[in-house]
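# Summary of the model geometry
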Amino acid sequence: MMNLKLGLIFLVFIFTTNNIVLAGEPPTSKAVGLFVAAGVGPRLPVGEFSSSTDLGYGLNIEASYTDSDYLPFFAFARLGYEQFPGSQDFYQGTDYSNYSTTIIPASLGVRYYFGPLVESVVLLIPVVEGSVSYTYFQVLNEFKADAGRSNYREDLWKFGGTVGAGFSMFILENMANYTYYESNQYLSFNLNVRLPLYVSL
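Structural notes, computed from the coordinates. Note that the structure is predicted; figures quoted are calculated from it, not measured. (Residues numbered from 1 in each chain as written. Predicted model: local features only at pLDDT ≥ 70, side-chain atom pairs only at ≥ 80, totals over all residues. Heavy atoms only, no water.)

It is a probe the size of a water molecule, rolled over the atoms, that shows where empty space is left. Applying the stated criterion to the full structure yields two cavities of 30 Å³ or more. When its volume is computed, the largest cavity comes out at roughly 220 Å³. Taken together, 24 residues make up the lining of the largest cavity; nearest its centre are Arg43, Asn60, Arg78, Glu82 and Ser188. Broken down by secondary-structure element, the contributors of at least two residues to the lining of the largest cavity are strand E2 (56–67), strand E3 (73–85), strand E4 (96–113), strand E5 (125–143), strand E7 (172–181) and strand E8 (184–200). If you tally residues by element for the lining of the largest cavity, the top one is E3, at five residues. Taken together, the residues of the lining of the largest cavity break down into seven nonpolar, 11 polar and six charged. (1 Å grid on protein atoms, 1.4 Å probe; cavity = no way out; pocket = protein on both sides within 12 Å on 5 of 7 lines; lining within 4 Å. Points joined across faces, edges and corners; volume = space filled by probe spheres on them. Helix = DSSP H or I, 4+ residues; strand = E, 2+ residues; numbered from the N terminus. Nonpolar A, V, L, I, M, F, W, Y, C, P; charged D, E, K, R; others polar.)

Next up, the structure:
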């Protein structure tokens, strides 16, 4: 049976690339893979954050790297955009007419691929990941006309972290993540499309 260390990159190469290594390029001493991904999905606020915000959405782009010395670990860098509207219950109980939170996280993390659960028809591989983020928050505060309060915008920077788990079929991934920032915690559910940018065997 193929060793998992070389199997991950080899299968990506077979199923999603067509000779992307340039002809005549000298062979490298180890397998190397560079991948890009894009994902989108809902964002569910939890804890204190859920008292003022409703279900949101998010998208992200990512670059990841591995080689045969580190498989099945992948290192990744990710940039996201997430939007949370205010909840109707929050509007009814306060002077707010509009309350929205925009989050732009820049993250560095590590992903681990377990052995495949299914290999016969498609590869189904459990995945776990963790990352740390330095994140820009923009919070829009707008009030009802009779509230006697001025609208304002908050611009904040926060450190945070994310842990997640899911299943990968290499090109497609389903991931569920929990993200923590002080006063802002949420769950995210992403459908990701992952493609090889460069693979060398």
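Back to the write-up after that little detour.
With that settled, consider the packing of aromatic side chains. Counted by the stated rule, this structure contains 16 aromatic pairs. Here phenylalanine 90 and tyrosine 96 contribute two aromatic rings whose centre-to-centre distance is 5.0 Å and whose plane-to-plane angle is 40 degrees, an arrangement assigned as tilted. Tyrosine 96 carries the same exposure label as phenylalanine 90, and that label is buried. Seen from their ring centres, tyrosine 112 and phenylalanine 114 are 4.8 Å apart, and the 80 degrees between their planes marks the pair as edge-to-face. According to the relative accessible area criterion, tyrosine 112 is partly exposed, its value standing at 25%. Feature note: the residues Phe90, Tyr91, Tyr96, Tyr99, Phe143 and Tyr152 constitute an aromatic cluster, connected by ring pairs. When the ring centre of phenylalanine 137 is taken as reference, the NZ or CZ atom of lysine 158 above it lies at 4.8 Å. (Phe/Tyr/Trp six-rings, centres within 6.5 Å; stacked < 30°, edge-to-face > 60°. Buried < 20%, exposed > 50% of the residue type's maximum accessible area, 1.4 Å probe, protein only. Lys NZ or Arg CZ within 6 Å of the ring centre and 35° of its normal.)

Glancing now at the sheet that holds E2. Hydrogen bonds along the backbone pair up the strands of a sheet, which may run parallel or antiparallel. Around the barrel, which closes on itself, the eight strands sit in the order E1-E2-E3-E4-E5-E6-E7-E8 with antiparallel pairing between neighbours. The mean inter-strand angle of the sheet, taken between neighbouring strand axes irrespective of direction, is 25 degrees. (Pairing = 2+ DSSP bridges. Axes fitted to C-alpha atoms, helices over the stretch in contact; angles between N-to-C directions.)

In this section: a nonpolar patch on the surface. A contiguous nonpolar surface patch, about 980 Å² in accessible area, is contributed by Leu34, Val36, Tyr65, Val121, Val122, Met169, Ile171, Leu172, Leu191, Val193, Leu195 and Leu197. Within the residue set of the nonpolar patch, elements represented by two or more residues are strand E1 (32–46) and E8. In this fold, valine 36 is placed in strand E1. Taking the relative accessible area as the measure of exposure, valine 36 reaches 32% and is therefore partly exposed. (Patch = residues over 30% accessible without salt bridge, like charges linked within 9 Å, V, L, I, M, F, W, Y side chains within 5 Å. Areas by Shrake-Rupley, 256 points an atom, 1.4 Å probe, with all protein chains shown as cover. Salt bridge = Lys/Arg side-chain N within 4 Å of Asp/Glu carboxyl O.)

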